[in-house]
Amino acid sequence: MTDPADLSLTEAAIALRAGTLTSRALTSAVLARIAARNPRLAAFTHIAADALAQADRADSMLHGDAPGPLCGIPVAVKDLIDVAGQPATCGSRVLADRIADADAAAIARLRAQGAVLIGKVATYEFAMVGPDLTLPDPPARNPWNPAHITGGSSSGSASAVAGGLVRLAIGTDTGGSIRSPAAYTGCVGLKPTYDRVSRAGAFPLSPGLDHTGPLAITVEEAALALDAMTVGDWRPASARIGQPVTGLKIAYARDWFADDPQATPALIRALDEAASTLSLLGARITLVTLPPYAPYEAAASVILHAEALDEHRALIRDHSGDYGRPTLQCLAFGAALDADDVTQAREAQTRLTADMLTTMDGHDLILTATTLTPALPFAAFDGEKAVWTPMRTIAFNLTGQPALSLPAGFENGMPLGLQLIARHGDEDLLCRTGHAFERATDHSVQRPSL
């Protein structure tokens, strides 16, 4: 008999509506799974005391009119996003005693639809840099090999999903913090169009670059979660799931990673195979040269660090001794910037966004890498020197375009990810294409042995 914790979101929803499964039973199974696996993975930092009471409320909602697809489904939330009555520490000693008194806007939408907000999962301190072994909560570990990182800053979200503790977790993404952990752990990460999901109630890192979105086992689950959090008149991300990709025009940005010496040969092979698979599915693949990545990274870095410092000035004044050293070093970079630096970066943001969209003319999507290597071991972070993991993500925080990371293969038993990018508001194309790729390969069905 299938453990309820292993049911897909769609399978669970069907069983819940048919009455062959209750949310209480599903939530109990997930709580048991967390108890068994979390000691090894350190994904969860808090379990909701009212989880079963939430499940009972969802069971009552299931008897009403047209319950949504997340009604009765346990969902984990990154500890950067407020959930009423649960800790809201942002992974830091600075806010160690803080309890949220209200739900973040995106979480309120999930709660209203009957989702069970089962607990908080780990984040790098204030979503900045990590892993930092000196903080109160241990860093989340990669289910494929616990000696390796999950990436950040939605580290616990990725570990919880990839490790099978939950099917769905909510994270944030300012420079790749949903997509890079998804790539490193072999799950799906969906960064929506800027402002599609409200950021209210999520502690800001850089308001101009911050996004809130889902991590899930499958593209369909991520799309349904995004639809549940979306506010406003947007095409549903799940609207075209299952449709063929015949005729879609995909720009393959191979030079963005293959020409970088940090890219591993296995990644290059995996992305070439992904392009071939999409071609066999009927998509039209064209090699393109995107604008150079470095200017996007530079402009985004200036905006991120300047805005992060603005958000932390008062806290630093009163609690500087409670910050981890890597976070203070990150904030110090913002102190070195002046108003002209930020003005120039914002001007570059406008220009670079236009350049990217111009390059997309005649294409529906971009295909490129998410990260250039598999997840690094924790041992790489033991020294004093900062370690940077090469990614191709922050450009699309700068442009605000939606981006999807999904599994593309493995290197030495560790996952690799590909990234699809669309125009603003075209999450339905992203998820349609990601789902088709997912169904045509076996990458997403391979799970770590736990």
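Here, the structure is the one placed above.
Presented here is a report on the structure given in the accompanying data block. Being a predicted model, the structure only gives us computed values, none of them experimental.

With that settled, the discussion passes to the nonpolar core. In terms of nonpolar packing, the biggest core is built from 94 residues, with F44, L110, F257, L367 and L418 touching the most fellow members. Excluding residues within four positions of it along the chain, L418 makes contact with L271, A274, L367, T368, T370, L404, S405, L406, A408 and F437. Within the second largest apolar cluster, 41 residues are counted, among which are L209, M356, I394 and A395.

Looking now at the pattern of salt bridges. Under the counting rule described, the total for this entry stands at 19 salt bridges. Between R111 and D103 there is a salt bridge, and its shortest N-O distance comes to 2.5 Å. Taking the relative accessible area as the measure of exposure, D103 reaches 22% and is therefore partly exposed. Of the charged contacts, one joins R199 and D195 as a salt bridge, the two residues approaching to 2.4 Å between their closest N and O atoms. A relative accessible area of 23% means that R199 is categorised as partly exposed. Beyond isolated ion pairs, a larger network of salt bridges with shared partners links R235, R240, D426 and D428.

Within this structure, the stated rule accounts for seven aromatic pairs. Summarising the aromatic geometry, the rings of F126 and F203 are spaced 5.1 Å apart at their centres and angled 50° between planes, so their arrangement reads as tilted. Here F126 is found in the loop between strand 3 (116-121) and helix 5 (155-162), whereas its partner F203 is found in the loop between strand 5 (188-191) and strand 6 (211-216), with 77 residues between them in sequence. For the residue pair F126 and F203, the accessibility class agrees, reading buried in each case.

The subject of this paragraph is the sheet that holds strand 7 (residues 249-252). Pairing in this open sheet of 11 strands is mixed, and the strands run 1-3-2-4-6-5-10-11-9-7-8 from one edge to the other. Because the sheet does not close on itself, it has two edges, and the strands there are strand 1 (44-47) and strand 8 (284-287). If you compare each strand with its neighbour and ignore which way they point, the axes differ by 30° on average. Running over the sheet, helix 2 (residues 23-41) touches strand 1, strand 2 (74-78) and strand 3 and is turned about 15° from strand 3. On top of the sheet, helix 5 reaches strand 1, strand 2, strand 3, strand 4 (168-173) and strand 6; it is set at about 155° to strand 4, its chief contact.

There is about 400 Å³ of room inside the second largest pocket. Along the walls of the second largest pocket sit 21 residues, with R167, I217, S444, V445 and R447 positioned nearest its centre. Grouping the amino acids of the lining of the second largest pocket by side-chain chemistry returns eight nonpolar, five polar and eight charged.

On to the side chain of T212. Positionally, T212 belongs in strand 6. Among the residues examined, T212 registers a relative accessible area of 3% and is labelled buried. Setting aside chain neighbours within four positions, we find T212 in contact with I81, I170, G171, T172, I178, P192, V197, S198, R199 and A202.

The subject of this paragraph is the environment of L215. Assignment of secondary structure puts L215 in strand 6. Taking C-alpha positions, L215 is 8.4 Å from R167, a pair spaced 48 residues apart along the chain.

Attention now moves to unusual backbone geometry. The omega torsion across G130 and P131 is 0°, close enough to zero to call that bond cis. Mapping P131 onto the fold places it in the loop between strand 3 and helix 5. The phi torsion at F126 lies on the positive side, around 50°, for a residue other than glycine. The phi torsion at A127 lies on the positive side, around 65°, for a residue other than glycine. Within the element layout of this structure, A127 appears in the loop between strand 3 and helix 5.

Time to look at the packing of helix 10 (residues 293-319) against helix 12 (residues 339-359). The geometry of helix 10 relative to helix 12 is characterised by a closest axis approach of 9 Å and an angle of 135° between their N-to-C directions. As judged from the angle between their axes, helix 10 and helix 12 are oblique. When you trace helix 10 past helix 12, the crossing you get is left-handed. Contact residues: helix 10 offers P295, Y296, A299, V302, I303, A306 and E307, while helix 12 offers D341, V342, A345, R346, A348, Q349, L352, D355 and M356.

Turning next to the packing of helix 7 (residues 219-229) against helix 14 (residues 427-440). At a minimum axis distance of 9 Å, the contact between helix 7 and helix 14 shows a crossing angle of 160°. Put simply, helix 7 runs roughly antiparallel to helix 14. The handedness of the crossing between helix 7 and helix 14 is left-handed. Note on element contacts: helix 14 touches helix 7 through E427, C431, G434, H435 and E438, opposite V219, E220, A223 and L226.

Turning our eyes to something else, we now look at the state of the cysteines. In total, this model carries zero disulfides according to the counting rule given. With no disulfide partner, C330 has as its closest neighbouring cysteine sulfur the one in C90, 14 Å distant. Residue classification places C330 among the buried residues on the basis of a relative accessible area of 11%. Counting only cysteine sulfurs, C187 is the nearest neighbor of C431, a cysteine outside any disulfide, at a range of 14 Å. For C431, a relative accessible area of 0% corresponds to the buried category.

Reading guide: rules and limits
Residues numbered from 1 in each chain as written. Predicted model: local features only at pLDDT ≥ 70, side-chain atom pairs only at ≥ 80, totals over all residues. Heavy atoms only, no water. Core = buried A, V, L, I, M, F, W, Y, C linked by side-chain atoms within 4.5 Å. Buried < 20%, exposed > 50% of the residue type's maximum accessible area, 1.4 Å probe, protein only. Contact = heavy atoms within 4.5 Å. Salt bridge = Lys/Arg side-chain N within 4 Å of Asp/Glu carboxyl O. Phe/Tyr/Trp six-rings, centres within 6.5 Å; stacked < 30°, edge-to-face > 60°. Helix = DSSP H or I, 4+ residues; strand = E, 2+ residues; numbered from the N terminus. Pairing = 2+ DSSP bridges. Axes fitted to C-alpha atoms, helices over the stretch in contact; angles between N-to-C directions. 1 Å grid on protein atoms, 1.4 Å probe; cavity = no way out; pocket = protein on both sides within 12 Å on 5 of 7 lines; lining within 4 Å. Points joined across faces, edges and corners; volume = space filled by probe spheres on them. Nonpolar A, V, L, I, M, F, W, Y, C, P; charged D, E, K, R; others polar. Parallel < 35°, antiparallel > 145°, perpendicular 65-115°, else oblique. Left-handed = near helix turned anticlockwise from the far one by under 90°. Disulfide = S-S within 2.5 Å.

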